[in-house]
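Structure assessment
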Amino acid sequence: MEKLRNGYLFPEIAMRELEHMKKYPTAKVISLGIGDTTEPIPDVVTSSMANHARRLSTVEGYRGYGAEQGNKALRKAIAETLYGDLPIKDTEIFVSDGSQCDISRLQLLLGSNVTIAVQDPTFPAYIDSSVIIGQTGDFQDETGKYQNIEYMPCRPQNNFFPDLTTTATTDVIFICSPNNPTGHAASRKQLEQLVEFARANGSIIIFDSAYAAYVTDDSPRSIFEIPGAREVAIEISSFSKFAGFTGVRLGWTVVPDELLFSNGFPVIKDFNRIVCTCFNGASSVAQAGGLACLSSDGLMAVQSVVDYYKENAKILGDTFTSLGLDVYGGINAPYAWVHFPGMKSWDVFTELLEKTHIITVPGCGFGPGGEEHIRVSAFGHRECILEASRRLKSLLS
Amino acid sequence: MYSLMSSSPSISSSSSSFLGQTHFDSRNPNARLPTKDSWICKCVATPPTETTAHTTKVSRNANMAKLQAGYLFPEIARRRSAHMLKYPDGQVISLGIGDTTEPIPEVITFGMAKKAHALSTLEGYSGYGAEQGEKQLRAAIASTYYGDLSLEESDIFVSDGAKSDISRLQVMFGSNVTMAVQDPSYPAYVDSSVILGQTGQFQKDVEKYRKIEYMKCNPENGFFPDLSTVSRTDIIFFCSPNNPTGNAATREQLTRLVQFAKDNGSILVYDSAYAMYISDDSPRSIFEIPGAKEVAIEVSSFSKYAGFTGVRLGWTVVPKELLYSDGFPVAKDFNRIVCTTFNGASNISQAGGLACLSPEGLEAMHKVVGFYQENTNIIMETFTSLGFSVYGGKNAPYVWVHFPGQSSWDVFSEILEKTHVVTTPGSGFGPAGDGFIRVSAFGHRGNVLEACKRFKQLYK
């Protein structure tokens, strides 16, 4: 715990937002910082949750402890609806209260004696959980990195995908695609190289596909679209950005039967033990909501909210482009990754906040490779997005 | 082949949704009831099944390998499923896993339904909540349960339940701490300790993990450890009212415990999940004991109060006064853990929690608790009338029945075979639990009465 630098990134951003609002009580702060969903959850989904809740007051409808791995119907629905023709079994799916918790449960599973590689920049929870579990050395101020973590630079120059020829071997490789914060969705070819790399090195890929619903082109939505991935990868995902479940809390992890430790012991057996011992299942109400999301009406409804955010991302992307800035992401993800060459990202963050009352996230919060960049999230009411665009144009043109 | 029970590569769901239904997971038609002690299966290292199967080069976490078998309660669920397969007309009654059975009072579910509907509106939609929990709920917990104990909203961390909190606390403590547990105790304390790497190997002869200090609790010592024989450890897990023995520690005992922790510079993790079941004046919170704020963390849960076993809601209290040896406040680190390894309890569950703590909700919860307390009385009376030494029950929904000289798994199996009632063998909670059976009092009244009838027939 002592090794951790400062607080976790997003509460820091929240604190800055509060301070700013206190300083400028009449300013209309627009939050494009923390990637928090803003649009109401479709009725077909919430009705299902409300009905489930009400049924808990009836003799026939009351349910106590659920299976720690998740409700069977939901596991099946995830397998059939979201993994379709990929041979993912319902028994390989572990329903959870979200990716942030799953990441830590996976770290518990792996223990302190494994090495990890992360993209740079990356979602901070992979690194922070690694530090907490004891996989890393100390933080080095000069480099902005923890010792013993392999940081894989992801830049425009390498098409936001690690150059695997220069990446050291580690036990575990965290990859998020579509990526938070850069917004880049790895191509099939890139993921094939990754799977090959993991196979050759005996590594386990932990593939974070929380933003898969945002993929617009034919980039893979699941690592398991890649042949051979079942023997090298775990996939985590979430209903948060897919269905607005950031507060409802629901996600899942896929651990294929074929994934084995070096002694041949199936990883799924240990993950099951972790889930049964350190967890007690996702809320049955949230799971009822998840099932509703995966009905045909539900899918259509949540997809239209996803499309709404995608349109937001386009508006923001266009805004920055029109201002002559290099913008990445935004096409396959609800984040725009904007380059401010030569400037420190906290300085840009502060200037944007002071001058336009817009909260963003400074790129260095995601790792040293995020410096000179700002992450702008596309979650927000349309009017806020349009207003933000207007303010940015005023400031930066 | 590595040999866990039910050894197909796919894991059976350990679901209590099998309650009274014949539709169940039939993945293991060949599951056999094991012979004595063979449920403690070993996970044996094995080469790949085919020469072409890829293994990674990632070593299995040695701590996971230390665990002896599956977690206790999925094991009980498996036994129950197997039994139901064997006797499809058997009318199995489950007094094993402590799973609540009675519907949640409407005032509470209404609160949840209302929140669910609100999430579909512009004004009512909320995204990420504070990881520590909704302010209103934290404040309600503080005032309801800790009002006169000077604990505040900011000392309360809302969670998805005590089991998750126990592991988050262990993650916070890290692998370099030593811990003490009651023997017998709720298995999650020991198992999470093993997983975090705080322990040595399991010693089969004594059925204990090295490096854990087991504090025996039996009828002879009134189910309170003889502290004069307990070695110093960094962390002490203590559950009162106790699962599985049902014993509630007295004020005097807890005062000694707090002093012991103070003298040794230990941190007490106090599990008060069953506090509402107390019927006498035993303390309901460790913080009723002067000085406890400087030595204790308290973990609690809505599971057994509000039937929230599936809804998932609990809380942990970390007082500001609790400090590490270097003066660093434990609450700061716990906050960091909660912000990094967790993302808050479900907002719908929290809305339910808030409804629980309304005057109407509190009254409704007391009624349901009272119902289970009546079940407990019925079960206690039954075993007492049959001449057994019976413990617990008065302050907890568990009855701890003594079967001197017998293996608890044997008694468990016999009861299951002959009465179709599922209980929990005491040795599942630790070596000092052997010779005892835990009978849980959660059940429909009809089932509890029927189970007692069958016990009377078996043991008359």
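The name that an unreviewed UniProt entry assigns to chain B is Aminotransferase class I/classII large domain-containing protein, with the source organism given as Vitis rotundifolia. Under the UniProt heading Cofactor (unreviewed entry), the note attached to chain B is "pyridoxal 5'-phosphate". Its UniProt record gives chain B the following Sequence similarities (unreviewed entry) comment, quoted word for word: "Belongs to the class-I pyridoxal-phosphate-dependent aminotransferase family. LL-diaminopimelate aminotransferase subfamily."

By the naming in an unreviewed UniProt entry, chain A is Aminotransferase class I/classII large domain-containing protein, taken from Vitis rotundifolia. In the Sequence similarities (unreviewed entry) part of its UniProt record, chain A is described as follows: "Belongs to the class-I pyridoxal-phosphate-dependent aminotransferase family. LL-diaminopimelate aminotransferase subfamily."

1. Some words on the UniProt feature "domain: Aminotransferase class I/classII large" (unreviewed entry) in chain A
As recorded in UniProt, the sites labelled "domain: Aminotransferase class I/classII large" (unreviewed entry) are residues 28–379 of chain A. Between the end C-alpha atoms of residues 28–379 of chain A the distance is 16 Å, and the span holds 36% helix and 16% strand.

2. Some thoughts on the packing of helix H5 (residues 162–173) of chain B against helix H9 (residues 330–341) of chain B
Residues and elements named next belong to chain B. The interhelical angle for the contact between H5 and H9, taken along N-to-C directions, is 115°, at an axis separation of 10 Å. Here H5 runs over H9; the crossing is right-handed. Of H9, the residues touching H5 (which contributes Asp 165, Arg 168, Leu 169, Val 171 and Met 172) are Val 330, Asp 333, Phe 334, Ile 337 and Thr 341. Tallied by class, residues from the contact of H5 with H9 come to six nonpolar, one polar and three charged.

3. Some thoughts on the pattern of salt bridges
Summed over the entire model, instances satisfying the criterion amount to 37 salt bridges over all chains. With a closest N to O distance of 3.2 Å, Glu92(A) and Lys89(A) form a salt bridge. Salt-bridge contacts for Arg251(B) lead to Glu288(B); the nearest nitrogen and oxygen are separated by 3.1 Å. Of this pair, Arg251(B) sits in helix H7 (residues 251–264) while Glu288(B) is found in the loop between strand E8 (267–271) and strand E9 (296–301), placing the two residues 37 residues apart along the sequence. Looking at Arg251(B), the relative accessible area reads 39%, which means it is partly exposed. Each of Lys89(A), Glu92(A), Arg230(A), Asp257(A) and Glu258(A) takes part in salt bridges that share partners, so that together they form one network.

4. Topic: the confidence of the model for chain B
All names here are of chain B. Considering every residue of chain B, the mean pLDDT works out to 90; 89% of them sit at 70 or more. Considering only residues more than four positions removed or in separate chains, one finds that residues 1–44, a stretch of pLDDT under 50, has 88 contacts. In the predicted complex, the global pTM is 0.92; the interface-specific ipTM is 0.97.

5. With respect to the interface of chain A and chain B
Of the residues lining the interface, 95 residues belong to chain A; the matching set on chain B comes to 88 residues. The junction of chain A with chain B conceals about 7,500 Å² of combined surface from both sides, 57% of it contributed by carbon and sulfur atoms. For the chain A face of the interface with chain B, the top three residues by lost area are Tyr62(A), Tyr65(A) and Arg273(A), together amounting to 11%. Counting across the interface, chain A meets chain B through four salt bridges. Linking Arg60(B) and Asp270(A) is a salt bridge whose minimum nitrogen-to-oxygen distance equals 2.7 Å. At the junction of chain A with chain B, the criterion picks out 39 residue pairs in polar contact (both at pLDDT 80 or more). Put simply, the parts of the chain that give the side of chain A that touches chain B at least two residues each are helix H2 (43–55), helix H3 (72–82), helix H4 (99–110), helix H5 (124–133), helix H6 (188–201), helix H7 (240–243), helix H8 (267–278) and helix H9 (284–293) of chain A.

Conventions used here
- Residues numbered from 1 in each chain as written.
- Chains lettered and ligands numbered in written order.
- Predicted model: local features only at pLDDT ≥ 70, side-chain atom pairs only at ≥ 80, totals over all residues.
- Heavy atoms only, no water.
- UniProt positions renumbered as here; feature names shortened; annotations may be inferred.
- Helix = DSSP H or I, 4+ residues; strand = E, 2+ residues; numbered from the N terminus.
- Axes fitted to C-alpha atoms, helices over the stretch in contact; angles between N-to-C directions.
- Left-handed = near helix turned anticlockwise from the far one by under 90°.
- Contact = heavy atoms within 4.5 Å.
- Nonpolar A, V, L, I, M, F, W, Y, C, P; charged D, E, K, R; others polar.
- Salt bridge = Lys/Arg side-chain N within 4 Å of Asp/Glu carboxyl O.
- Buried < 20%, exposed > 50% of the residue type's maximum accessible area, 1.4 Å probe, protein only.
- pLDDT = per-residue confidence, 0-100.
- Buried area = accessible area lost by both parts, 1.4 Å probe.
- Polar contact = N/O pair within 3.5 Å; in protein donor to acceptor, adjacent residues only side chain to side chain.

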